[in-house]
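Letter by letter, the chains look like this.
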Amino acid sequence: ALRARDLGIPFDGEPGPLNAITDVTGVLVGHSTLIKGTGKRVVGEGPVRTGVTAVLPRGRDLSRMVAAGRAVINGTGEMTGSWLIDETGYFGGPVMLTGTTSVGMVHHATARWLRDRLPPSQWIAGLIPVVTETLDSHLNDVWGFHVQAEHVFHALDSAQGGTVAEGNVGGGTGMIAFAFKGGIGTASRRVPIGESSYTVGVLLQANHGKREDLLIAGVPVGREIGDLMPTRAQAAADKNSLVIILATDAPLTATQLRRLARRAALGVGRGGSIGGYMSGELALAFSTGNTVAIGQQQQTLTSPTAWHGEALNGLFKAAVQATEEALVNSLVAAETMTGADGLTVFELPEARLQSVLKRYNRLS
Ligand SMILES: CC1(C)S[C@@H]([C@H](NC(=O)[C@H](N)c2ccccc2)C(=O)O)N[C@H]1C(=O)O
């Protein structure tokens, strides 16, 4: 499928081969997409426009935990496991992204999935899985609680490397961003440091932003494309929720990963969001290069690399650039969708986007 760069949208920095979070060696991504029914919303029946996305930091090797750090851009949201991550600086198991009302089910099913795949001595690692959310309340029958354990198991079991599906998939299925169809987006950047080179990858679930605020390549696209609004004004109202997962193979400490996660905010800012009052804008960064075996009494993960300022700046810049591009990729990949009560949310019109960027001399 065409992605933002294919349309000629200019981005700085060098992406990895896939320009996806899976460019960070070992990271796998799986989706479970639930699309069922049309017409009037009948709670418990549908229409269903929701799902689950799984990010496995170290693929199917669940024996080690990864160093991690979080950043809260605006805290009206949920990311389970946060207290443990803040306290210890690492977590075990996958990162799950879903709709707000499915957090409990995804948490429950993920803990069971881990129990069934870890030796009993390591079950403890699955006690508090990381699950984060945005609210798919307009297109989806959120109060129907349609996500079930088998959907969670499917996202986890089907997780794979390679190209990552974007837009109306997994946790992004029913999401709306900048009053266009939103959803899952991903991107990556390569960071040469000395004679080594590292990768920063991003996967996000975009459900945020007001149309008039949308910026793409610095161009006020939201103000230039004022039509194609959702067929129900309320669906375009207080939209502002976005969860961002950053991965890197750079062996950073929890403190450095917190700093990296905070840079996602600067990438979000390049997309025009102002972090609305009910915005759950949460970021989590983890390192596949700094891990600890489950059960090992090691309480702090130090980095085997002494990072000098310029090196950290390279990683920070990569986080900003990859977040910005993952956001645009989510909008480019998303497709027009009709959901609950016949609400239609339109995809970002690519040809019109290109002509707007051309008018601003921002089409490469
Ligand atoms: C219902 C709303 C006012 S909350 C907002 C929604 N916020 C979130 O997704 C937050 N994580 C969240 C915060 C608090 C409870 C549940 C979810 C979003 O940005 O889409 N959308 C508005 C709306 O649709 O009118």
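Every chain's residues receive numbers from 1 upward, in the order its sequence appears when written. Residue-level local features of this predicted model are given only where pLDDT is at least 70; pairs of side-chain atoms are given and counted only at 80 or more, and the full residue set underlies all totals for whole chains, interfaces and linings. The side-chain quantities take in all heavy atoms of the structure and omit both hydrogens and water.

Here's the deal with the packing of aromatic side chains
Geometrically, a pair of aromatic rings is defined through the distance of the ring centres and the angle of the planes. Classification of ring pairs uses Phe, Tyr and Trp, with its six-membered ring standing for Trp, and accepts pairs whose centres are within 6.5 Å; under 30 degrees between planes counts as stacked, over 60 as edge-to-face, and the remaining range as tilted. Evaluation of the coordinates by the stated rule reveals three aromatic pairs. Look at F91 and F286: their rings are 6.1 Å apart centre to centre, the planes differ by 85°, and that puts the pair in the edge-to-face class. Of the two residues, F91 sits in strand β4 (residues 90–91) while F286 sits in strand β12 (residues 280–293), which places them 195 residues apart along the sequence. Throughout this description, buried means an accessible area under 20% of the type-specific maximum (1.4 Å probe, protein chains only), exposed means over 50%, and partly exposed covers the range between. Judged by its relative accessible area of 3%, F91 is buried. Where helices and strands are cited, they refer to DSSP runs of H or I of at least four residues and of E of at least two residues respectively, numbered from the N terminus.

Some details on the nonpolar core
Buried Ala, Val, Leu, Ile, Met, Phe, Trp, Tyr and Cys residues form a nonpolar core when they are joined through side-chain atoms within 4.5 Å. Counting 80 residues, the largest nonpolar core has I9, I216, V221, I244, W307 and L315 as the members making the most contacts within it. Should any heavy atoms of two residues lie within 4.5 Å, those residues are considered in contact. Other than its neighbours up to four places away in sequence, I244 contacts I73, V202, L203, L204, A264, V268, L282, A283, L284 and T323. Core analysis: the second largest hydrophobic core is formed by 24 residues, V66, A68, M79 and L282 among them.

Regarding the confidence of the model for the chain
Each residue carries a pLDDT score, the predictor's confidence in it, ranging from 0 to 100. Of the residues in the chain, 99% have a pLDDT of 70 or more, and the chain-wide mean is 95. Across the whole predicted complex the pTM is 0.97, and at the interface the ipTM reaches 0.90.

Description of the sheet that holds strand β6 (residues 130–134)
DSSP bridges decide pairing: two strands pair if at least two such bridges lie between them. Strand order in the open sheet formed by four strands is β1-β2-β5-β6, with mixed pairing between adjacent strands. Across the chains shown, the open sheet's two edge strands, defined by having one partner strand only, are β1 (28–36) and β6. When the angles between neighbouring strand axes are averaged without regard to direction, this sheet yields 15°. Under this scheme, a helix contributes an axis fitted over its contacting stretch, all axes are lines through C-alpha atoms, and angles between N-to-C directions fall in the 0 to 180 degree range. On top of the sheet, helix α2 (residues 103–115) reaches β2 (48–56), β5 (95–99) and β6; it is set at about 150° to β5, its chief contact. Across the sheet, helix α3 (residues 149–157) lies against β1, β2 and β5, angled at about 145° from β1, the strand it touches most.

Quick word on a nonpolar patch on the surface
Residues qualify for a patch when their relative accessible area is over 30% and they have no salt bridge, like charges being joined within 9 Å and the nonpolar side chains of Val, Leu, Ile, Met, Phe, Trp and Tyr within 5 Å. Accessible surface is estimated by sampling points in the Shrake-Rupley manner with a 1.4 Å probe; for residues, cover comes only from the protein chains shown. Here, a salt bridge means any side-chain nitrogen of Lys or Arg that lies within 4 Å of a carboxyl oxygen of Asp or Glu. A surface patch of nonpolar side chains, amounting to about 390 Å² of accessible area, comprises L84, I124, L127 and I128. On the secondary structure map, I128 appears in the loop between α2 and β6. I128 gets classed as partly exposed once you look at its relative accessible area, which sits at 40%.

Points about unusual backbone geometry
Between G46 and the following residue, P47, the backbone shows a cis peptide bond with an omega angle of 0°. Within the element layout of this structure, P47 appears in the loop between β1 and β2. The residue F145 is not glycine, and still its phi comes out positive at about 50°. Looking at where F145 falls in the secondary structure, it is placed in the loop between β6 and α3. Take F145: its relative accessible area is 44%, and that puts it in the partly exposed class. Look at F178: it is not a glycine, yet its phi comes out positive at around 55°. Within the secondary structure layout, F178 lies in the loop between β7 (176–177) and β8 (180–181).

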